[in-house]
Amino acid sequence: MSVNRRTFLKATAAGVGGGMLATQQATAARPRKALDTDISMLNDCTKCIGCRACQSRCKETHGLERSGTDPRYNMPVDLSGRTLTLIKMHKQDDFFTFVKKQCLHCGDPSCVSVCPVSAFEKLDNGVVSYNKNACIGCRYCMIACPWDAPTFEYDKALPVIQKCDFCKDARLAHGLDPACASACPAGAIKYGKRGDLIKEAHARIRENPEKYNDHVYGEHELGGTSVLVLAPKEVRFEDLGYKLYGDTPPFRLQEDIQHGIFKYFIPPVALYAVLGFIAYANRRKDNDATKKDDKKG
Amino acid sequence: MEHNSAPMNQRLWTPWFTFGVILIAIGAVLIVYRFIAGLGAVTNLSDGYPWGLWIAFDVVTGVALAAGGFAMAALVYVFNRGEYSPLVRPALLTALLGYAIAATAIVIDVGRWWQIYNPVLPQYWQGNSPLFEVSICVMIYITILIIEFVPVVSEKYKDSKKPFLRSLSNKLGPLVNKYLMVFIILGIVVSTLHQSSLGAVMIAAVERIHSLWWSPFLPLMFLISAIAVGFAVVTVESYVAARSFKRPVEKDMLARLAGIIPYVLGIYLIVKLFDLIAYGKVPLLFADWWGLMYIIEMSLLVFIPFFMLLKKSVRFDIGKLLNVSIMMIAGIILNRLNTYLFTYQPRPGETYFPTLVEVLVTAALIALLFVGYKVLASFFPVMSVSTEEK
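In this text the structure is predicted, and so the values were computed from the model without any measurement.

Thresholds applied
Residues numbered from 1 in each chain as written. Chains lettered and ligands numbered in written order. Predicted model: local features only at pLDDT ≥ 70, side-chain atom pairs only at ≥ 80, totals over all residues. Helix = DSSP H or I, 4+ residues; strand = E, 2+ residues; numbered from the N terminus. Buried ≥ 20, exposed ≤ 12 C-beta atoms within 10 Å, placed from the backbone. Contact = placed C-beta atoms within 7 Å. pLDDT = per-residue confidence, 0-100. Domains from an automatic or database assignment. Nonpolar A, V, L, I, M, F, W, Y, C, P; charged D, E, K, R; others polar. Pairing = 2+ DSSP bridges.

Colleague: Which parts of the structure should I look at to understand the overall build of chain A?
Modeller: Along chain A, the regular secondary structure elements total eight helices and nine strands. The 297 residues of chain A split such that 42% are buried. Taking contacts inside chain A between residues at least 6 apart in sequence as the whole, the part at least 24 apart equals 64%.

Colleague: Is there a simple way to think about the confidence of the model for chain B in this case?
Modeller: Predicted coordinates in areas of low pLDDT are best not read in detail. Predicted confidence across chain B gives a mean pLDDT of 94, with 98% of residues reaching 70 or more. Across the interfaces of the predicted complex, the ipTM metric reaches 0.93, alongside a pTM of 0.91.

Colleague: Teacher, can you tell me more about the domain arrangement of chain B here?
Modeller: Accessible area lost during the coming together of the parts is what is often quoted as the interface size. Residues and elements named next belong to chain B. Under the domain assignment used here, chain B contains domain 1 (15–44) and domain 2 (45–345). Here the C-alpha centre of domain 2 lies 25 Å away from the C-alpha centre of domain 1. If you look at the interface, domain 1 gives five residues, while domain 2 gives five residues. Grouping the amino acids of the side of domain 1 that touches domain 2 by side-chain chemistry returns two nonpolar, two polar and one charged.

Colleague: Just to check I follow, could you spell out the pairing of strand β3 (residues 95–101) of chain A for this structure?
Modeller: On a regular strand, one side chain projects to one face of the sheet and the next to the other, so that they alternate. All names here are of chain A. By the bridge criterion, seven bridges tie strand β2 (residues 86–92) to β3 in an arrangement that is antiparallel. What sits directly across from Lys88, in β3, is Val99. As consecutive antiparallel partners, β2 and β3 are separated by two residues, and within that stretch Asp93 has a phi angle of approximately 55 degrees, a positive value.

Colleague: Looking at this structure, how should I read the interface of chain B and chain A?
Modeller: Across the boundary between the two partners, chain B contributes 54 residues, which contact 56 residues of chain A. Of all the elements in the fold, those that place two or more residues in the side of chain B that touches chain A are α1 (15–37), α2 (39–42), α4 (68–78), α6 (130–157) and α7 (163–200) of chain B. Per-element tally for the side of chain B that touches chain A: the top contributor is α7(B), with 13 residues. Its residues assigned to classes, the side of chain B that touches chain A comprises 33 nonpolar, 14 polar and seven charged.

What follows is the structure in C-alpha cells.
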C-alpha cells in the first residue's frame, strides 16, 4: 500500500469536513417534564371494583383480539400486543385491591429518548404517540421503559409496537373521553387536565387520610407522568408494580454520555485527526529512514 | 519482513465444511419460516424478554468478537507496526464476515425488518439514542470493510483473462489503495464509537441489569474489552486458519502480538476496579451467586490472561497462548451475555430460555463465519505466504 503525503493529507481533511457537516442537532420545543396543561388520567385504586369494563372497551376501541388462556373469555394476565390496559388484582393477606396498568405517558419518556428512529414522540398535549412507519421493531423501548408499557405483537408476521395511545385518534380527535375513562362505572378513572387532577388527587387524600396512601404516584416520578395513580393506605406502590423512582429518568445519564462523546462532533473528529497525525508522523519517520538508507547505499 | 498474500487453492468439501453448509441450509429454512410466521412462532422472546439469544449473542457478542479487524488495522497502519501486516487481511476478513453476520442477525431479530433502512432517513434521526449511533456506525463500518476488501479482490483479477474484470480491477484496486488510509482511520473511529455505544445502550436499563454489570463506564468497558479480545480472536483465527489450510502457524508473530494484550487488559482492570470501589459494589461480590459469576467472568476475561500473558513462556508456547486466548473469548461472551441477558430483570413472572430455532439459527450464523472464511480465503489472496515460498 502506498499513500503519498499530499493525497493522504487531502483525504484526511475531506474526512474531517464530512464529519463537520453532520453536526446539526434538533432542539426540543417542549420542556422535558409533565406539564399542568397536559391531558391526564387519574386512576384511583380505592374506587376500582375490578369489573374490567375499561379493559374490554379499550380492546373494542382499538380493534384488538381477546387474550388469555381460554379463547372464549377475555382474561389477559399482563399488558401485551393485544392488551393496552388491564386491571390486576393485588392480594396481601386478607386485603386485596385492584390496580390499572397502562402506558403512563411520561413527561420525559424513556421510549422517546432511546428509540433509534424517532418512532415515539411526546405531543404538545402530553400524549406519547407511536409512529409505526418509523419503527423498525428493535424493541429497545421495551427494555428502557420503567413501567413495561410498550409491548410487541409477537404473534404477527408484520408486527407493531403496542401501547396505550390515550385514544388520541379513535376518541380524543372526535371530542370524546378516552375509552377506559368513559367505560368505568365506578368513577375510578378520571380524565382531565393534569394540573386539575393533581389538585383533586391531593384533595382526595386530604379528605380521606385513613383511606389513601399519602402519595400521588406520577406527580414527580421521573419528571412526572400524565397518568396519576392513587393507592389504598394498606399497600405500598412498589407492590402494585409502581416502583418509587427519583425525579430524573436514568436515560438522562445515557444522553449526557452520548452527547459528551458527540459534542459538536468534536471528539470523533479529534480522534480522526489524532489517529491521522500519528499515522502520518510514523509514515514520515519511515520515509526519512528509507531515504537515509538510500543515500548510504 | 516482506510478505505476499495468496489464495489457498485447496479442497473445500472437507467433512467439517460439509457440516457447516448443512447447518447454514437448516438455518436458511428456519429464517424464511421466521419471516412468514413471526417472531413468536419461532422464539421464546416475550414482552418480558424483548431481547434474547440473537441480540445478546449474535449481535452484541458478535460485534465485540469482530473487533480484531479494527484493532489490527490501528496497530499496523496507525501505529506503524508493519511486522504484523500478515495478520491484517485475515483479521479484515473475520471482521467483514463477523459484521455481516451481526447485521443478518439484526434483520432477523427486528420486528419491522422491511423498514430496517429507516435510521439513515434524516426525518427519523435520533441523536439521543445509542442504538441510532450503533446502527449508523455499523452501516458505515460494513461499507468500509467492503472497501478495504476491494484491493484483495482486485489483486485476484488484475491479470484476469476477462478484459472487463481485468480493467476494473486495475482501476479500482489502485484507486482504493491510494485512499485506503482515509477509510482505515474512519473505520477505527466508527468502531471506537459503536463498540462503546453498545455499552451505552444498557445505561438506560439501570433498573434492569445487576448493579455489578451496570456502570456509567459501560461504554469504556465495552470498548477496551473488545480491543483486548480482538487480539485474542486474531490469535485463534490465525491458528485455526493455518491448521485448516495446512500451513505453518505464525507462532512468533502471535507471541509478540500477545505481548500487547496485558497492557489493554491492565487498563480494563483499572476501570473495572475503579467502578467497583467508587460505586461501593465490593460487598456485592460476596452477596450472592451473581458475585461469584462476576468473579468467574473477570477471571476468564482479565485476571488469568493478564498474569499468564505477562510470561514469555506462555506467549511463546502456542498451545498455552491458544488456551489463554480461548479463555478471554469465553470471558467476553460471558460478560456480554451477563450484561444483556443473564442478569436482566424482566417484568415479574417472566422467564426466558432460547428455543431450538434460536439456537439453530445462531449455529447457522456461526457456521457461515467458518464456511465464508474458508471459501473467501480459498479464492482470494487473504492468507499470507512468505516470499521464499512463492
